[in-house]
Amino acid sequence: MNSPVRVVTLDGPSGSGKGTISRAVARHLGWHLLDSGALYRLVALAGRERGLERGDAQGHARIAGTMAVRFDAAADEEHILLEGREVTDAIRSEEVGQSASRVAAWPAVREALLERQRAFAVPPGLVADGRDMGTVVFPQAPLKIFLTANPEERARRRYNQLKQKGSSASLSALSREIAERDARDSSRAAAPLVPAADAVVIDSTRLDIEAVLGQVIELGRRRALWA
Ligand code: C5P
């Protein structure tokens, strides 16, 4: 647990911008990136493809422990492979997000993913994006960020993201779905979405990507995590 590799954690609700910021920080530093939400999405997708019952916690936990996953990042493109198949776009739908949030509430699934996530902490460093990176997976991380934005702004960002990927989405339906997912993520017993006691909270509602990136880089500099 006392990882010697430098880890920066970025947690927060959906649409807070943590995916974009995590990627930008990792690229800026030349560090590895853990998109932990993608792991929960992959479990949900694999469970559905294998015809598991929606309530089958053990079945989903088995998948979480055994699924073959590959994250490939080449230049500006990311590819996520599940059992050798490209599922990069398939896991990003709001529908898979909802299923991911249901499977993520089961402690057995979270437990099965724990070591898998910690294995991403390799030199020179890791930027870990999720809901419980600072509270559960990397509690010793020397820099923890909790990124938020107001609900309207978060729904708008998710809407634009989905639109860009060519999915049709209605802003009002998306607002409802995000609120539902956040409520479930925040109220669950296992690793709920809460800022770590030692996290720095950044509200990105009125900040662009460069401004948030600048704040994170400055925080790390002040803590002598990098020059
Ligand atoms: O971040 P993303 O929207 O891809 O995450 C999908 C779902 O996975 C979240 O709504 C949450 O329920 C779950 N998740 C989690 N813990 C993490 C990352 C994601 O419970 N560290």
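Here, the structure is the one placed above.
What you see is a predicted model, and the numbers here were worked out from it, not measured in a lab. (Residues numbered from 1 in each chain as written. Predicted model: local features only at pLDDT ≥ 70, side-chain atom pairs only at ≥ 80, totals over all residues. Heavy atoms only, no water.)

Not every one of the 16 residues close to the ligand is listed here, only the nearest: Arg-41, Arg-110, Arg-131, Arg-181 and Asp-185. Within the side chain of Ser-36, one N or O atom sits 3.0 Å away from a nitrogen atom of the ligand. Arg-41 is positioned with one of its side-chain polar atoms (N or O) 2.6 Å from an oxygen atom of the ligand. Its free accessible area being 460 Å², the ligand has 95% of it covered by the protein chains. (Near = heavy atom within 4 Å. Polar contact = N/O pair within 3.5 Å; in protein donor to acceptor, adjacent residues only side chain to side chain. Areas by Shrake-Rupley, 256 points an atom, 1.4 Å probe, with all protein chains shown as cover.)

Taken as a whole, this structure holds two aromatic pairs when the rule is applied. With 5.5 Å between their ring centres and 80 degrees between their planes, Trp-31 and Trp-226 make a pair best called edge-to-face. In this pair, Trp-31 sits in the loop between α1 (18-29) and β2 (32-35) while Trp-226 sits in the segment after α9 (209-222), placing the two residues 195 residues apart along the sequence. Here Trp-31 and Trp-226 have matching classes, each one buried. (Phe/Tyr/Trp six-rings, centres within 6.5 Å; stacked < 30°, edge-to-face > 60°. Helix = DSSP H or I, 4+ residues; strand = E, 2+ residues; numbered from the N terminus. Buried < 20%, exposed > 50% of the residue type's maximum accessible area, 1.4 Å probe, protein only.)

This paragraph deals with helix α3 (residues 57-66). Residues of α3 that are buried include every one of Ala-57, Gly-59, His-60, Ala-61, Ile-63 and Ala-64, and no others. Against α2 (36-49), α4 (94-103) and α5 (107-118) lie the buried residues of α3. Of the residues flanking the start of α3, the one acting as N-cap is Asp-56, its side-chain oxygen 3.4 Å from the backbone nitrogen of Gln-58. (Contact = heavy atoms within 4.5 Å.)

Before going further, it helps to spend a moment on the environment of Gly-125. With respect to the helices and strands, the residue Gly-125 is situated in the loop between α5 and β6 (126-130). The sequence separation of Gly-125 and Gly-65 amounts to 60 residues, and the corresponding C-alpha distance is 24 Å. Apart from the residues within four sequence positions on either side, Gly-125 is in contact with Val-5, Arg-6, Trp-31 and His-32.

Attention now goes to the sheet that holds strand β1 (residues 7-11). Reading across the sheet, the five strands line up as β2-β6-β1-β7-β8 and stay open at both edges, with parallel pairing between neighbours. Single-partner strands in this sheet number two, and they are β2 and β8 (200-203). Ignoring which end each strand starts from, the neighbouring axes of this sheet average 20 degrees apart. One ladder, built from four bridges, connects β2 with β6; its direction is parallel. Its bridge partner being in β6, Leu-34 is matched across the sheet by Ala-128. Sitting on the sheet, α1 is in contact with β1, β2, β6 and β7 (143-148), with an inclination near 175 degrees to β6. Across the sheet, α9 touches β7 and β8, and the angle it forms with β7 is around 160 degrees. (Pairing = 2+ DSSP bridges. Axes fitted to C-alpha atoms, helices over the stretch in contact; angles between N-to-C directions.)

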